[in-house]
Amino acid sequence: MTQKISVVENILNANDRIAQENYTRLENAGVFSINILASPGAGKTSLIEQTLPRLKDRLRVAAIDGDIATSIDSDRAAAAGALAAIQINTGGDCHLDAVMLHGALEQLTLPEYDLLIVENVGNLVCPANFKLGTHKTVLVASVPEGDDKPYKYPGTYRGVDVLIINKIDLLPYVKFNMDYFERGVQVLNPGVKTYHTSCTTGEGLDAWADWLVENAKKRRFSP
Amino acid sequence: MHELSVTESLLKIAVGHAEKADARRVTDLHIVIGDLASMVDESIQFYWDIIARDTIAEGATLHFRRVPAELQCNTCGEKYHPTDKELVCPKCGGVGAKIIAGEEFALESIDVE
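Predicted, not measured: the structure shown is a model, and the values here were computed from it.

Thoughts on the overall build of chain A
Secondary structure assignment for chain A yields eight helices and eight strands. Taking 223 residues into account, the globule formula puts the C-alpha radius of gyration at 17 Å, and chain A, at 18 Å, falls close to it. Taking the principal axes of its C-alpha atoms as reference, chain A extends roughly 70 × 40 × 40 Å. Counting the 223 residues in chain A, one finds 56% classified as buried. Within the structure as shown, chain A displays about 9400 Å² of accessible surface, and the carbon and sulfur contribution to it stands at 50%. Between the centroid of the 22 positive side chains of chain A and the centroid of its 27 negative side chains there is a distance of 4 Å.

Here we look at the interface of chain A and chain B
Between chain A and chain B, the residue contacts involve 32 residues of the former and 39 residues of the latter. Summed over the three residues of chain A that lose the most area to chain B, namely Ile5, Ile11 and Val187 of chain A, the buried surface amounts to 25% of that side. On inspection of chain A and its partner chain B, the count reaches three salt bridges. At the boundary of chain A and chain B, one finds 14 residue pairs in polar contact (both at pLDDT 80 or more). Of all the secondary structure elements, the ones that give two or more residues to the side of chain A that touches chain B are strand E1 (3-10), helix H5 (149-152), helix H6 (154-157) and helix H7 (178-188) of chain A. Here the element with the most residues in the side of chain A that touches chain B is E1 of chain A; it accounts for eight residues. Sheet topology note: the E1 of chain A/strand E6 (residues 105-112) of chain B ladder contains six bridges and is antiparallel. Bridge assignment links Ser6 of chain A to a residue of E6 of chain B, and that residue is Ser109 of chain B.

Notes on the sheet that holds strand E3 (residues 70-73) of chain B
Residues and elements named next belong to chain B. If you walk across this open sheet you meet the three strands as E4-E3-E5, and the pairing is antiparallel. Since the sheet does not close on itself, it has two edges, and those belong to strand E4 (79-80) and strand E5 (97-101), each with one partner. Of the pairings in the sheet, the one linking E3 to E5 comprises four bridges and is antiparallel in character. What sits directly across from Leu71, in E5, is Ile99.

A short note on the environment of Asp93 of chain A
All names here are of chain A. Position of Asp93 among the secondary structure elements: in the loop between strand E4 (84-89) and helix H4 (98-106). Assessed through its relative accessible area of 16%, Asp93 is described here as buried. As for Asp93 and Leu171, which are separated by 78 residues in sequence, their C-alpha atoms are 33 Å apart.

Structural notes on the packing of aromatic side chains
Summed over the entire model, instances satisfying the criterion amount to seven aromatic pairs over all chains. With 6.0 Å between their ring centres and 85 degrees between their planes, Tyr157 of chain A and Phe181 of chain A make a pair best called edge-to-face. Taken together, the positions of Tyr157 of chain A in helix H6 and Phe181 of chain A in helix H7 put the pair 24 residues apart, joining distant regions of the chain. Each member of the pair, Tyr157 of chain A together with Phe181 of chain A, is buried. On the numbers, 5.4 Å between centres and 70 degrees between planes, the contact of Phe46 of chain B with Tyr47 of chain B is edge-to-face. Of the residues examined, Tyr47 of chain B reaches a relative accessible area of 16% and is grouped as buried. Grouping aromatic residues by their ring pairs yields a cluster made of Phe32, Tyr195, Trp208 and Trp211 of chain A.

Definitions and limits used
- Think of each chain on its own: its residues are numbered from 1, step by step along the sequence as written.
- Chain A is the first chain written and ligand 1 is the first ligand written, with later ones labelled in order.
- Per-residue local features are limited, in this predicted model, to residues with pLDDT of at least 70; the limit for side-chain atom pairs, both in listing and counting, is 80 or more; totals at the level of whole chains, interfaces and linings are taken over all residues.
- Heavy atoms throughout the structure, all of them, feed into the side-chain values; hydrogens and water do not.
- Each helix is a run of DSSP H or I of at least 4 residues and each strand a run of E of at least 2, with the numbering of both proceeding from the N terminus.
- To get the radius of gyration, use the C-alpha atoms; to get the globule rule, take the number of residues to the power 0.38 and multiply by 2.2 Å.
- For the exposure calls, accessible area comes from a 1.4 Å probe over protein chains only, and a residue counts as buried if that area is under 20% of its type's maximum, exposed if over 50%, partly exposed in between.
- Using a 1.4 Å probe, accessible areas were evaluated by the Shrake-Rupley method; residue-level cover was limited to the displayed protein chains.
- For this count, His and the chain ends are skipped, Lys and Arg are scored as positive, and Asp and Glu as negative.
- To locate a charge, take atom NZ for lysine, CZ for arginine, CG for aspartate or CD for glutamate.
- Whether two residues are in contact is decided by their heavy atoms: any pair within 4.5 Å suffices.
- Buried area, as used here, totals the accessible surface that two parts lose on assembly, with accessibility defined by a 1.4 Å probe and the loss added over both.
- Counted as salt bridges are all cases of a side-chain nitrogen of Lys or Arg within 4 Å of a carboxyl oxygen of Asp or Glu.
- Throughout this description, a polar contact denotes any pair of N or O atoms lying within 3.5 Å of each other; where both atoms belong to protein, one of them has to be capable of donating a hydrogen while the other can accept it, and for residues adjacent in sequence the pair is counted only when both atoms sit in side chains.
- Between any two strands, at least two bridges found by DSSP are needed for them to pair.
- Aromatic rings from Phe, Tyr and Trp, with only the six-membered ring used for Trp, were paired whenever their centres fell within 6.5 Å, and each pair was classed as stacked if the ring planes differed by under 30 degrees, edge-to-face if by over 60, and tilted otherwise.

Purely geometric numbers; function is a separate question.
Encoded structure:
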C-alpha cells in the first residue's frame, strides 16, 4: 500500500545548519569574515593580493582558499601578507560548502585574527546555493566578462552584500554598458555597496580596504 | 555539478522520513525547484540513479515541479515574470524589486510503501 508523507524540507537545510555554526564561531571569536565569489579569471586572487598590503599593520588577516586543485592561491595570499593561508582542495567540487569551511576553521586559532577572507571556487552558479556562515558575501565582477552577467546569474547577484567591479581600467577597450549592468544589479539587489577597482592601477582599492578595516574594527571592539 | 551534494541531501532527507514512518520502500519524491535556484532536473536525476542504489529509495521516481521567477516592483507594486534579458518592471520601468517566487528548493513529499 502506498502512503504519502508530507516532508516540506529545504534540501539545503543540513548545509545551512553547519553554516550557522560557523557563523556563531566566527562571531564569538570576534573575526569579521567575508566569502568572495567570482567567475574564474575575474581577479579574486589578484584583488586579495592587492588588498593585503593595504591592511598591513591595520588588521591581522587569515585567508582560506577554495580550489578544485593546487595551492597556488593560498601561496599567493601568504606571500602578500596573510598570517595564515589555508588551502581547501574540493577534489572536483565546484563550490565550497559549510562543512568544508568548518574543517578549515578547525585549523585556525581564530581569536588571533581580525579578518578572515574566504576565497570561493571560481564559479558564478554553484557557490550561491551554499551558505558558508561568513558575515558578508562579496562578488567580484570584471569588465571583460560582459555587462549581461547579472541577468544570467541572478542567483549570485541577488545574494551579495558587496559588489566589486574589477578591471575597471579596461572600460575604454571592451563593450560594457555600465548602465545596463548596474540596472540588472539594482533590480535584484537594490542599494548594494559597490566599488570600482583595478588591480593594475590601484583605483578603488583604498576605499575597499577601508571598508574591511571599518567592519573588522566594529566587530572587534563592539561589546 | 553542485547537484551531487544536493542529491545526497535529498536522499538523506527522503530516507530519514521514510524510516520514521517504518516504510519498506520509497517509490516517489516530489521536489519543488524555483527557476532562480540554479538546479538542473536532469542532473539531479542522473546523480540520483547512482547514489540511491542499495538504499530503500532505489528506483524511486523523481517528480519536479518548476516554479517560474516572479518579482514585485518596489515602486508600483506590479508583479511580473522577468526575462533573461530584462529585469526592470515592465509597467513603470522601476528598478528594485522583491523576489516573491522562484527561489524554492524543497522536498515537498514522498510516497512510500
